[in-house]
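# Secondary and tertiary structure notes
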Amino acid sequence: MILIKLGGSVITDKGRYRTFKEDVVRRLAREIVSSEERTMIVHGAGSFGHVIAKKYALQNGMVSDDQARGISQVTSDVRELDALVIKALSDEEIEAVSIVPGSSATLREGKLHTLDVGKFHDYYALGITPVTFGDVVLDEVRGIGICSGDQLIARLAEEFRPDKVIFVTDVDGVFTCDPRLDGKAKLIEEIDRKVLDELPRSEWCDDVTGSIFAKLEYMLSIATSTKEVMIINGNEHGRLAAAMTGSELICSRVRGA
Ligand code: IPE
C-alpha cells in the first residue's frame, strides 16, 4: 500500500480563495490508477483552509467567541474541497470514501491525539480507497485546533506501515533555500536529520500548520515507519506514477534515523 499526501498547493490555487484544480487532481488520479497500486490518500486544504483559519487564529485554540464563525466557515470550506476531491477521484475510477477528521479524530494541545484508524482498516478491506484531509478538529485542551494532513499521514504510516509515503507538492522537492525567491537554490536529493539541522532557518511559509521545517520533522518521523518517503512535484506529468512504480525521477527522499 502506498500512502499519498496531495498537498493543498497542488490541488488548489493557493493564491485564490476556494479555487480547486480539478484537472490536476484528475490527472494525478489517472497516474495512481496506472500504477496498479492500492493507496490511502490524505489531502491538504490549500486556499480552502489556510486563509480563513489564519484570519481566526484557529491554530491557537478557542480564545474568543468570534472564532466560532471561523470554525464553521473553515469546516464547511474544507469539506467542500474534500467532496470535490472524492468526485474527481471517482470520475477516474478510484472508488474512494472520505473519513472526516472532525468526526473521527481529536487533538491534544494541537497534536493529533486519537484517530479512528478502524474505519481506515474497514474501508480498505472492502477494496475502497480511504481519503482523509487537513481539518478543523476538537482539541481536548484548547477547545479547537487544526489537524494537518501531515499529522494524519504520520499516524496512518505508523498504523499501516505502507511500502512508501509520497508527498505531492508544487515543487521538485526540498531545496537549500526557497527556489521561488533564489535562483541559486539547489534540490536536496537526500534529507536526513543532519541535513535538516544544517538548513538555514528562514521561514519559507507561514501556513497555520507550520513551516517547511515542521513538515520535514513529520517526514523524518514518518521515515521510521516506511521504507521510502518521497517529496515530488505533482505539476510535472508522470512524476507521481514514476514515484509509485519505482522509476527514476527528480525528487527529494527523506531518510529516517
Ligand atoms: C491544513 O491542512 C488544514 C486547514 C487549514 C484546515 P494541511 O496543512 O495538510 O494543508 P496544506 O497541504 O498545507 O494545504
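In this text the structure is predicted, and so the values were computed from the model without any measurement. (Residues numbered from 1 in each chain as written. Predicted model: local features only at pLDDT ≥ 70, side-chain atom pairs only at ≥ 80, totals over all residues. Heavy atoms only, no water.)

## Overview of the overall build of the protein chain
Helix and strand content of the protein chain: 10 helices and 14 strands. Taken over the C-alpha trace, the protein chain has a radius of gyration of 17 Å; the compact-globule value for 257 residues is 18 Å, and the two agree within 12%. Principal-axis analysis of the C-alpha atoms places the extent of the protein chain at approximately 50 × 45 × 35 Å. By the burial criterion, 53% of the 257 residues in the protein chain qualify as buried. Contacts in the protein chain between residues at least 24 apart in sequence constitute 73% of all its contacts with a sequence separation of at least 6. Within the structure as shown, the protein chain displays about 11,700 Å² of accessible surface, and the carbon and sulfur contribution to it stands at 49%. Seen as two clouds, the 32 positive and the 41 negative side-chain charges of the protein chain have centres 2 Å apart. (Helix = DSSP H or I, 4+ residues; strand = E, 2+ residues; numbered from the N terminus. Rg over C-alpha atoms; globule rule 2.2 N^0.38 Å. Buried < 20%, exposed > 50% of the residue type's maximum accessible area, 1.4 Å probe, protein only. Contact = heavy atoms within 4.5 Å. Areas by Shrake-Rupley, 256 points an atom, 1.4 Å probe, with all protein chains shown as cover. Lys, Arg positive; Asp, Glu negative; His and termini not counted. Charge placed at Lys NZ, Arg CZ, Asp CG, Glu CD.)

## What to know about the pairing of strand S4 (residues 105-108)
The alternating pattern of S4 places Ala105 and Leu107 on a buried face, while none of Thr106 and Arg108, on the opposite face, is buried. Between S4 and strand S5 (residues 111-115), which pair antiparallel one after the other, the connecting turn spans two residues, and Glu109 there sits at a positive phi close to 50°. (Pairing = 2+ DSSP bridges.)

## Topic: the environment of Thr39
By the secondary structure assignment, Thr39 is in strand S2 (residues 39-43). A C-alpha to C-alpha distance of 9.7 Å links Thr39 and Ile94, two positions 55 residues apart in sequence. When sequence neighbours within four positions are dropped, the list of residues in contact with Thr39 reads Met1, Ile2, Ile4, Ile32, Tyr124, Thr129, Pro130 and Met244.

## Section: the packing of aromatic side chains
Where two aromatic rings form a pair, the distance of their centres and the angle of their planes describe that pair. In the structure shown here, the tally under the stated rule is zero aromatic pairs. Directly above the aromatic system of Tyr124 lies the positively charged group of Arg38, at a separation of 3.7 Å from the ring centroid. (Phe/Tyr/Trp six-rings, centres within 6.5 Å; stacked < 30°, edge-to-face > 60°. Lys NZ or Arg CZ within 6 Å of the ring centre and 35° of its normal.)

## Here we look at helix H7 (residues 149-160)
It helps to recall that an α-helix has 3.6 residues per turn; residues three or four apart then point in one direction. If you check H7, its first and last C-alpha atoms are 16 Å apart, about what 12 residues at 1.5 Å a residue would give, namely 16 Å. Of the positions making up H7, those classed as buried are Gly149, Asp150, Gln151, Leu152, Ile153, Ala154, Leu156, Ala157 and Phe160. Of the residues flanking the end of H7, it is Arg161, one or two places downstream, whose phi is positive at about 45°. (Expected span 1.5 Å × (residues − 1).)

## Notes on the side chain of Ser104
Secondary-structure assignment places Ser104 in helix H5 (residues 101-104). Among the residues examined, Ser104 registers a relative accessible area of 10% and is labelled buried. At 2.5 Å, the side chain of Ser104 and the backbone oxygen of Val100 are in polar contact. Apart from residues lying up to four places away in sequence, Ser104 is in contact with Ile99, Thr114, Leu115, Asp116 and Lys119. (Polar contact = N/O pair within 3.5 Å; in protein donor to acceptor, adjacent residues only side chain to side chain.)

## Digging into the environment of Gly127
One can find Gly127 in the loop between helix H6 (117-125) and strand S6 (129-133). Among the residues examined, Gly127 registers a relative accessible area of 45% and is labelled partly exposed. Spatially, the C-alpha atom of Gly127 lies 9.2 Å from that of Ala96, the residues being 31 residues apart in sequence.

## Structural notes on the pattern of salt bridges
A side chain with one charge may pair with a side chain of the opposite charge, provided their charged atoms come close. Enumeration according to the criterion identifies 21 salt bridges in this entry. Lys5 is paired through a salt bridge with Asp150; the nearest N and O atoms lie 3.2 Å apart. Of this pair, Lys5 sits in strand S1 (residues 2-6) while Asp150 sits in helix H7, placing them 145 residues apart in sequence. As far as the burial class goes, Lys5 and Asp150 line up, both buried. One network of salt bridges, with partners in common, ties together Glu22, Arg26, Arg30, Lys87, Asp91 and Glu92. (Salt bridge = Lys/Arg side-chain N within 4 Å of Asp/Glu carboxyl O.)

## Points about the packing of H6 against H7
Viewed as axis vectors pointing N to C, H6 and H7 meet at an angle of 60°, and their least axial separation amounts to 11 Å. For the crossing formed where H6 meets H7, the hand is right-handed. Contact residues: H6 offers Val117, Phe120 and His121, while H7 offers Leu156, Glu159 and Phe160. Taken together, the residues of the contact of H6 with H7 sort by class into four nonpolar, one polar and one charged. (Axes fitted to C-alpha atoms, helices over the stretch in contact; angles between N-to-C directions. Left-handed = near helix turned anticlockwise from the far one by under 90°. Nonpolar A, V, L, I, M, F, W, Y, C, P; charged D, E, K, R; others polar.)

Read these as spatial facts, not as claims about activity.
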